[in-house]
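Given next are the chains, with one letter for each unit.
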Amino acid sequence: MMLYSLLILFPISIFISRRMVRLVRNYISARKYGLPIIIIPVSFEDAWWIVLRPLFSFIPRLPFNLGHWYLYTTMGWTTEDGNRSLLKYGENFVLCSPTSNVLVTSEQGIVETVFGSHGKWAKQQDQSRLFAFYGENVSSTHGDVWRRHRKITASAFNESTMWSVWDEATRRAGELSLVDADVEGGNGLTLAMVRSKFDLLAMQILSVVGFGQNTDLTERPTGHQESLMECLGFILQHIILTVVFNSLKAPDFLLPGSLRRLKVSIKKLGLYMKESVLQHVQSAKSKPVHGSKALSLLESMVRANEASKQEQKTGGPRSYLSDSELYGNIFVFNVAGYETTASSFIFALSYLAAHPDMQDWAVEEIDRYYDHDANIIPDYAETYPKLVRCLAIMHETLRLATPAPMLVRYPYVPTEVLVTTKTGARTVTVEPDTLVGFNTTGAHLSPRWGPDALSFNPKRFILPSSSGEEELVVPEGPLYAPFMMGPRVCPGKKFSQVEFVAVLARVLMDWRVEVVRGVGESEEHARLRLMSVVEEKKFNVSAHLKRPEDARVRFVRQGKFGK
Ligand code: HEM
């Protein structure tokens, strides 16, 4: 018995001692910044902790605030924290763990230095390569390789793509069924139900615009066991499971059903991508594109790639993408574009249900520019630029519920940054083993936004222009950066904005979204309750509600389209 205890306790004590030594070393190094230090015994960089963390969910409830560190041990902790740490510790502080130090910042100068340039600061390797299992891509690469990826992939996000996004999003949103059988009884839909409807919508739009697959959800081409949407959908909805278990080499019979299904979907999606790339390469070689024909992201990318191959200089560095890099990129477009946009829909609709005055304000704009014929899709170039209130609603939603709450970088070599501390500005050297984390949530909810920083007020982004028309004014820089800034700014920014505006405008033409009251509950109380549910967020690839079952909204037909 004694021997068994020793066999177990010995490695554990070695493990703990080594971590203690590293913690002390990192603490000494963190002190040089002159900033508040939060000591955390484990970090979001410890892969084993990510798996075990849920087992320790009791820690925050420990007495005397002993478990305050638990919050900071997950990548998206700022989603839960809101602006609390910023108010308590300031715009700069350090998370010190045995694994590394993270300099958390929302200070303009530091963010501009670190995220504004690509040369000296890199994305954290482990994180950026998570979704590279189909191939390296624009998100997983750095330096010259990244430049090659970015050049080819950027060509996919052109104005003709935006036309497709607009048309597809408007059409799909018009087909949405937002009533459930129980709505007659006045129960409406839980926010979880609404999310799953808009998740599906975002996925359908991506699969059409991304792959050019305008097929039924379940249509299976000859030789395929699953439709493209089925396997893409399954992977995207189980993305964490995919990342964790994709490399598992265990035989099928040892795996639970969901993992077996995942393996099949991963393989099938690979097959679909291979077929699509092959087909587009052949068509790029044989058929030039005429006029403004809208191409899918994949097709545009393949065509730009083929053009690059033609221009390749003998002996020069490779200027085009390999097939696996094409697969890697189209997959990462789907991962990056799906959760982020779907999450914006659910938060925006919840805010609008809780703020009927803002909904009226948006509908007033939509009424001005939309024909009341359901079959007419308004012209993208004519209409989209005018829907500034709808876009302001997206910006306000992304400010309050940003899907990318903390972005991290590390310097390739020891690099100096100017940091403001309680005693004034000082230049500090950031070592390559230290991360700089941009606390976007803190910046978005900072008191710099004024006394109503925590309120939903999309009007803050609108200014009347000299011509009397309303103009969208979005602050530039670290105060508001949901799409990031600098050279690695999100290439799908406009894609998601066009999609959001098209969907919101069409949904609000058809429906009015209202909060559902509990028995004997006042309207005012129901709205406050809805907002309390919306304020409790957690991070899981993007922002999610912690209790989406605890609030309901009802979509009431507006009948403007005579339905
Ligand atoms: C509300 C919607 C969206 C938000 C808030 C968002 C946000 C972001 C942010 C913050 C980054 C920078 C990440 C980093 O540097 O670590 C990023 C990168 C990226 N996004 Fe988006 N995104 C959205 C929609 C989309 C869409 C629709 C697509 C594609 C269809 C897309 C594709 C990408 C790609 C490929 C990157 C990596 C770019 C690079 O590293 O050079 N995103 N996005």
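Calculation notes
- Residues numbered from 1 in each chain as written.
- Predicted model: local features only at pLDDT ≥ 70, side-chain atom pairs only at ≥ 80, totals over all residues.
- Heavy atoms only, no water.
- UniProt positions renumbered as here; feature names shortened; annotations may be inferred.
- Buried < 20%, exposed > 50% of the residue type's maximum accessible area, 1.4 Å probe, protein only.
- Helix = DSSP H or I, 4+ residues; strand = E, 2+ residues; numbered from the N terminus.
- Pairing = 2+ DSSP bridges.
- Contact = heavy atoms within 4.5 Å.
- Axes fitted to C-alpha atoms, helices over the stretch in contact; angles between N-to-C directions.
- Polar contact = N/O pair within 3.5 Å; in protein donor to acceptor, adjacent residues only side chain to side chain.

- The name that an unreviewed UniProt entry assigns to the protein chain is Cytochrome P450, with the source organism given as Cucurbitaria berberidis CBS 394.84.
- Annotation of the protein chain in UniProt includes, under Cofactor (unreviewed entry), the sentence "heme".

## Topic: the pairing of strand β3 (residues 101–105)
Regular strands have side chains that alternate between both faces of the sheet.
Turning to step 1, where the next piece is worked out: Counted residue by residue, β3 has 5 buried out of 5 residues, so it is predominantly covered.
Turning to step 2, where the next piece is worked out: Alternating positions in β3 separate into two faces, Asn101, Leu103 and Thr105 on one and Val102 and Val104 on the other, with burial throughout.
Turning to step 3, where the next piece is worked out: Pairing of strand β2 (residues 92–96) with β3, which is carried by 5 bridges, proceeds in the antiparallel orientation. In the strand pairing of β3, Cys96 is matched with Asn101.
Turning to step 4, where the next piece is worked out: Once β2 ends, the chain turns through 4 residues before running back antiparallel as β3.

## Let's talk about the UniProt feature "binding site: heme" (unreviewed entry) in the protein chain
Turning to step 1, where the next piece is worked out: Under the local residue numbering, the UniProt record ascribes the feature "binding site: heme" (unreviewed entry) to Cys490.
Turning to step 2, where the next piece is worked out: Within the element layout of this structure, Cys490 appears in the loop between β11 (470–472) and α19 (493–510).
Turning to step 3, where the next piece is worked out: Its relative accessible area of 29% is what places Cys490 among the partly exposed residues.
Turning to step 4, where the next piece is worked out: Excluding its chain neighbours within four sequence positions, the residues that come into contact with Cys490 are Arg150 and Phe483.

## So, the sheet that holds β3
Turning to step 1, where the next piece is worked out: Read across the sheet, 6 strands follow the order β1-β2-β3-β9-β6-β4 without closing on themselves; strand pairing throughout is mixed. Unpaired on one side and paired on the other, β1 (37–39) and β4 (121–123) mark the two borders of the sheet. Shown here is a sheet whose adjacent strand axes are inclined to one another by a mean of 30°, direction ignored.
Turning to step 2, where the next piece is worked out: Across 3 bridges, the pairing between β1 and β2 is parallel. Its bridge partner lying in β2, Ile39 is registered against Cys96.
Turning to step 3, where the next piece is worked out: Set on the sheet, helix α1 (residues 2–31) makes contact with β1, β2 and β3; between it and β1 the angle comes to about 170°.
Turning to step 4, where the next piece is worked out: Its contacts with the sheet put helix α5 (residues 108–115) on β2, β3, β4, β6 (406–411) and β9 (434–439), and the angle it makes with β9 is roughly 120°.

## A short note on the side chain of Thr170
Turning to step 1, where the next piece is worked out: By the element assignment, Thr170 lies in helix α8 (residues 159–174).
Turning to step 2, where the next piece is worked out: Assessed through its relative accessible area of 1%, Thr170 is described here as buried.
Turning to step 3, where the next piece is worked out: A distance of 2.6 Å separates a polar atom in the side chain of Thr170 from the backbone oxygen of Trp166.

## Quick look at the sheet that holds strand β5 (residues 189–190)
Turning to step 1, where the next piece is worked out: The strand order across the open sheet built from 3 strands is β5-β15-β12, with neighbouring strands paired in antiparallel fashion. In the strand order of this sheet, the two ends are held by β5 and β12 (511–515), each with one partner.
Turning to step 2, where the next piece is worked out: Bridge count between β12 and strand β15 (residues 552–557): 5 bridges; the pairing is antiparallel. Counterpart to Val513 in the pairing with β15 is Phe555.
Turning to step 3, where the next piece is worked out: In the packing of helix α14 (residues 323–354) onto the sheet, contacts are made with β12 and β15, and the angle to β12 comes to roughly 75°.

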